Amino acid sequence: MTMRPGTLATSHRLLAPRIAYVVGTRSPAGEANLIPVSNVTSVSTDPEQVLLAIYKNWTTYDNLSVASGFTLSVPSADQREGVWKLGARYSRYDFPNRTAKLHASKVRLTDDADSFGPILSDGLGWLSCRIVQRLDAGGNHGIFIGEVVHVEFNDDVYASDGTPVVNPRPLMQVTGNLFTTAGGTSSIPFGQ
Ligand SMILES: Cc1cc2nc3c(=O)[nH]c(=O)nc-3n(C[C@H](O)[C@H](O)[C@H](O)COP(=O)(O)O)c2cc1C
């Protein structure tokens with residue numbers, strides 16, 4: 001086996017697969033939106049904070065630039081088709097507006113569980129996050145850090161502390177339209 005230099009513009013593909021989270025926002029006029037976002041990570045556990053990177057041309061970027069928060073839902077692998085359609089400007093579906101997109105995706109969503117945006121009502125769980133920082137590192141994505149103010153776990157999958165009781169099987173994007181999910185789990189002893 002040898003390593004060889006690759007194409008710089010696709011180096012982010014080495015960071016895959018990543019969970020295709022679903023971010024919920026509202027426009028200043030109140031229009032609800034849900035989009036898949038894989039650029040997500042935890043950046044603090046005390047307090048709990050998560051970071052999103054959102055392409056500057058998206059409506060979600062405009063919403064996050066003025067909103068006070070967002071929701072973050074975690075879809076399961078069997079929600080692949082609906083999540084794909086929610087990413088319409090990437091997956092090349094044409095809808096007249098965000099309301100039509102949410103309807104056509106056929107995902108089960110709730111728009112009154114949280115004021116920051118809609119959530120997936122039958123995913124693995126969801127977070128509500130208050131934006132505490134907006135960053136621009138000069139790239140084509142804007143960075144938003146949210147502090148978690150509320151969490152709900154699907155109790156078929158997790159105990160109330162977030163420990164999974166079955167294999168969670170989240171929807172994960174490898175690249176483009178190629179998806180996977182987590183395989184089986186195994187444990188290893190701690191050193192002491
Ligand atoms: C699996 C998947 C992952 C995505 N991840 C991101 C991401 O991390 N950041 C981003 O800006 N867009 C991402 N997108 C693209 C947006 O979801 C998509 O273009 C969306 O339609 C933007 O909609 P909006 O203009 O209504 O905000 C992803 C799309 C898919 C299908």
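Coordinates for the structure precede this section.
All of the points below concern the structure found in this document. Not measured: the values here are computed from a predicted model. (Residues numbered from 1 in each chain as written. Predicted model: local features only at pLDDT ≥ 70, side-chain atom pairs only at ≥ 80, totals over all residues.)

## Quick notes on the overall build of the protein chain
Our working rule: Each helix is a run of DSSP H or I of at least 4 residues and each strand a run of E of at least 2, with the numbering of both proceeding from the N terminus. Radius of gyration means the value over C-alpha atoms here, while the globule rule gives 2.2 Å times the residue count to the 0.38 power. With C-beta atoms placed from the backbone, the exposure class of a residue follows from how many other C-beta atoms lie within 10 Å of its own: 20 or more, buried; 12 or fewer, exposed; in between, partly exposed. The contact criterion used here is simple: two residues whose C-beta atoms, placed from the backbone, lie within 7 Å are in contact.
The helix and strand tally for the protein chain stands at 4 helices and 12 strands. A globule of 192 residues ought to have a C-alpha radius of gyration of about 16 Å, and the protein chain, at 17 Å, matches this closely. Referenced to the eigenvectors of the C-alpha coordinate spread, the extents of the protein chain come out at roughly 55 × 45 × 30 Å. Residues counted as buried form 28% of the 192 residues belonging to the protein chain. The contacts in the protein chain between residues at least 6 apart in sequence include a share of 60% that link residues at least 24 apart.

## Observations regarding unusual backbone geometry
With omega at -5°, the peptide bond leading from A16 into P17 counts as cis. With an omega of 5°, the peptide bond running from D46 to P47 counts as cis. The phi dihedral of R92 falls on the positive side, at around 65°, and the residue is not glycine. Considering the arrangement of structural elements, one finds R92 in the loop between α3 (88–91) and α4 (98–105).

## A few points about the site of the ligand
The cut-off we apply is this: Residues are classed as near a molecule or strand if the C-beta position derived from their backbone is within 6 Å of it. Residues are grouped as follows: Ala, Val, Leu, Ile, Met, Phe, Trp, Tyr, Cys and Pro are nonpolar; Asp, Glu, Lys and Arg are charged; all remaining types, including Gly, are polar.
Within the structure, the ligand sits among 22 residues, and N39, Y55, T60, G87 and R89 are positioned closest to it. Taken together, the elements giving at least two residues each to the shell around the ligand come down to β3 (32–37), β5 (48–55), α1 (59–66) and α3. Within the shell around the ligand, the residues separate by chemical class into 11 nonpolar, 9 polar and 2 charged.

## Side note on α4
Selection rule: This arc describes the spread of directions from the helix axis toward the C-beta atoms.
For α4, the full list of buried residues reads R98, K101, L102 and S105. Taken down its axis, α4 places every buried residue within 95° of arc, on the same side. Set apart from the buried face of α4 by more than 90 degrees, the exposed residues are T99, A100 and H103. Buried residues belonging to α4 abut β3, α2 (80–86), α3 and β7 (109–110). Two residues or fewer past α4, K106 is found with a positive phi of approximately 60°.

## A few points about α1
All buried positions along α1 are accounted for by T60, N63 and L64. Within α1, the buried residues cover an arc of 95° as seen down the axis, which keeps them to one side. Against the buried residues of α1 lie β2 (21–26), β3, β5, β6 (69–74), β9 (125–135) and β10 (141–153).

## A few points about the sheet that holds strand β1 (residues 18–19)
For the record, the criterion: Criterion used throughout: strands pair if DSSP finds at least two bridges between them.
Taken in spatial order, the 3 strands line up as β1-β11-β12 in an open sheet, and their pairing is antiparallel. For this open sheet the edge positions go to β1 and β12 (178–180), each flanked by a neighbour on one side alone. Relative to β12, strand β11 (residues 172–175) is paired through 3 bridges, and the arrangement is antiparallel. Note that in β12 the partner of T175 across the bridge is L178.

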